Amino acid sequence: MSRRPSKRVEHYFSERPKSEERFGLVRSRLRGRDFEFLTSSSVFSKRQVDLGTRVLVEAMVLPFKGCLLDVGCGYGVVGVVAAAFNPGLRVVMSDVNMRAVRLARRNVELNRVLGNVEVRFGFCYEPVSGLKFDCVLSNPPVSAGMSTVKAIICGAKSVLSSGGSFQMVIRSKIGAKTLPELFKETFGNCCVVARESGYRVLVGKMAS
């Protein structure tokens, strides 16, 4: 597991941002349904749902039942949409940024998916130690460094159930060549399920 991000410089992956909170509201249509998300300063893509997240949301393959993890959830777009489209799932979201965690919790309420969603604070997979998931989704914090991205990929194996899938969106120009190889080393396989606007969604599956 890679080391935690440095606390000396405030980024969207800082654990406890100290900047003044300036709230905003983002409205977005995802998978044919309208959503609203409360955002704030010192969180990722505060003015709009970013393109990478959009590509992941539109391409993600959700299990019919079981547990799903949105790791590095930000203000909660991926997990909220997953919960809205499959109320039978137990959805857990996690983030290292406490401000993002608070926003994600409020967005769970705002989008009325309270019954099957939990938001946890902590780095990478630490908040879900001991749990197993049928699906893990990630739009990784590339600005935190490739070591963090690789930790998210490699660590997914420890929290996935047999037959579970890990789905990650990446910029094609950043990880199109190296990350599929890491998927193959970790899961024994890798496929690309979507390509759009310079992004692609990679999927690795655990053996059944």
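Thresholds, definitions, all that
Residues numbered from 1 in each chain as written. Predicted model: local features only at pLDDT ≥ 70, side-chain atom pairs only at ≥ 80, totals over all residues. Heavy atoms only, no water. Salt bridge = Lys/Arg side-chain N within 4 Å of Asp/Glu carboxyl O. Buried < 20%, exposed > 50% of the residue type's maximum accessible area, 1.4 Å probe, protein only. Helix = DSSP H or I, 4+ residues; strand = E, 2+ residues; numbered from the N terminus. Contact = heavy atoms within 4.5 Å. Disulfide = S-S within 2.5 Å. Pairing = 2+ DSSP bridges. Right-handed = clockwise from strand over helix to strand, strands pointing away.

Remarks on the pattern of salt bridges
Line of reasoning, step 1. Per the counting criterion, the structure on display carries five salt bridges.
Line of reasoning, step 2. The shortest N-O distance in the salt bridge between Arg27 and Glu36 comes to 2.9 Å.
Line of reasoning, step 3. Of the residues examined, Arg27 reaches a relative accessible area of 60% and is grouped as exposed.
Line of reasoning, step 4. Glu36 sits in the partly exposed class, given a relative accessible area of 27%.
Line of reasoning, step 5. A salt bridge links Arg120 to Glu118, with the nearest nitrogen and oxygen atoms 2.8 Å apart.
Line of reasoning, step 6. If you follow the salt bridges from partner to partner, you end up with Arg90, Glu118 and Arg120 in one network.

Notes on the environment of Gly24
Line of reasoning, step 1. For Gly24, the position within the fold is in strand β1 (residues 24-30).
Line of reasoning, step 2. With a relative accessible area of 25%, Gly24 lands in the partly exposed category.
Line of reasoning, step 3. Note: C-alpha distance between Gly24 and Ser40 (16 residues apart in sequence) is 5.8 Å.
Line of reasoning, step 4. When residues no more than four places from it in sequence are discounted, the contact partners of Gly24 are Phe37, Leu38 and Thr39.

Focus on the state of the cysteines
Line of reasoning, step 1. Evaluated as defined, the whole model comprises zero disulfides.
Line of reasoning, step 2. The thiol of Cys124 is not disulfide-bonded; the next cysteine sulfur, from Cys154, is found 9.7 Å away.
Line of reasoning, step 3. For Cys154, a relative accessible area of 39% gives the class partly exposed.

Looking at the pairing of strand β3 (residues 66-71)
Line of reasoning, step 1. Within β3, five of the six residues are buried, which leaves the element mostly enclosed by the surrounding structure.
Line of reasoning, step 2. Both β3 and strand β4 (residues 89-95) contribute to a ladder of six bridges, which runs parallel. Directly across from Asp70, in β4, lies its bridge partner Met93.
Line of reasoning, step 3. Handedness of the crossover is the feature at issue here: the chain leaves β3, passes through helix α2 (residues 77-85), returns alongside β4, and the resulting connection is right-handed.
Line of reasoning, step 4. Strand direction decides the pairing type here: β3 and strand β6 (residues 133-138), joined by three bridges, are parallel. Paired with Leu68 across the strands is Cys135, a residue of β6.

Describing unusual backbone geometry
The phi angle of most residues is negative, glycine excepted, and most peptide bonds adopt the trans form.
Line of reasoning, step 1. Positioned with a positive phi, Cys124 is a non-glycine residue whose angle comes to about 55°.
Line of reasoning, step 2. The topology assignment puts Cys124 in the loop between β5 (117-121) and β6.
Line of reasoning, step 3. Phi at Ser197 takes a positive value of approximately 50°, unusual for a residue other than glycine.
Line of reasoning, step 4. Tracing the chain through its elements places Ser197 in the loop between β8 (191-196) and β9 (199-205).

Worth remembering: the numbers are spatial, not functional.
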